[in-house]
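# Coordinates in review
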Amino acid sequence: MGIVKISDPLHESLRLASQALSRSINAQAEHWMRVGMLAELHPQLSHAEICQLLIRAEQEGGLDLARLAGWAQPAKAKGARA
């Protein structure tokens, strides 16, 4: 975990959105970062499609940004030799 410094106006926007959506400020910031990162990685997807992707990822055990971004190494098949 780290500290991210943001502007006061953005922090106020986070505070308002977090209250309206019943999230903590940190959870709201993390949500916006996830959506923004996925929007940059997959510009062809709409916001609704990104939300569906996040829901599917959660159903499958959680969001793996490295896998979604194509950064993760593919898993080796059982019995495969190195």
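Residues numbered from 1 in each chain as written. Predicted model: local features only at pLDDT ≥ 70, side-chain atom pairs only at ≥ 80, totals over all residues. Heavy atoms only, no water.

## Section: the overall build of the chain
A tally of helices and strands in the chain yields four helices and zero strands. Put simply, the chain runs from its N terminus to its C terminus through helices and strands in the order α-α-α-α. Counting all 82 residues of the chain, 17% fall into the buried class. The contacts of the chain with a sequence gap of at least 6 include a subset with a gap of at least 24, amounting to 20%. Accessible surface, the chain as shown: approximately 6,700 Å² in total, 56% of it carbon and sulfur. (Helix = DSSP H or I, 4+ residues; strand = E, 2+ residues; numbered from the N terminus. Buried < 20%, exposed > 50% of the residue type's maximum accessible area, 1.4 Å probe, protein only. Contact = heavy atoms within 4.5 Å. Areas by Shrake-Rupley, 256 points an atom, 1.4 Å probe, with all protein chains shown as cover.)

## Here we look at the nonpolar core
Counting residues in each nonpolar core, the largest one holds six residues, listed as Val35, Leu38, Ile50, Leu53, Leu54 and Leu68. Contributions of two or more residues to this core are made by α2 (25–41) and α3 (47–59). Ranked by residues supplied to this core, first place goes to α3 with three residues. Once you skip the residues sitting within four places of it in the chain, Leu53 turns out to touch Leu38, Leu45, Leu63 and Leu68. (Core = buried A, V, L, I, M, F, W, Y, C linked by side-chain atoms within 4.5 Å.)

## Digging into a nonpolar patch on the surface
On the surface, a cluster of nonpolar side chains totalling about 350 Å² of accessible area is made up of Val4, Ile6, Leu10 and Trp32. Overall, the relative accessible area of 61% leaves Val4 in the exposed class. (Patch = residues over 30% accessible without salt bridge, like charges linked within 9 Å, V, L, I, M, F, W, Y side chains within 5 Å. Salt bridge = Lys/Arg side-chain N within 4 Å of Asp/Glu carboxyl O.)

## What to know about α2
A rise of 1.5 Å per residue sets the reference length of α2, with its 17 residues, at 24 Å; its end C-alpha atoms lie 24 Å apart and thus fit the reference within 8%. Within α2, the full set of buried residues consists of Gln28, Ala29, His31, Val35 and Leu38. (Expected span 1.5 Å × (residues − 1).)

## Looking at the pattern of salt bridges
A complete count under the given rule lists two salt bridges for this structure. Among the ionic pairs, Glu12 bridges to Arg15, the shortest N-O distance being 2.5 Å. Within this pair, Glu12 and its partner Arg15 are both found in helix α1 (residues 8–20), separated by three residues, close to a single helical turn. Close ionic contact of Glu30 with Arg34 constitutes a salt bridge, the shortest N to O distance being 2.6 Å. Of this pair, Glu30 and Arg34 both sit in helix α2, four residues apart, which is roughly one turn of the helix.

## Notes on the confidence of the model for the chain
Per-residue pLDDT for the chain has a mean of 86; in total, 85% of the residues score no lower than 70. At the low end of the mean pLDDT range in the chain sits helix α4 (residues 65–69), at 73; at the high end sits α1, at 96. (pLDDT = per-residue confidence, 0-100.)

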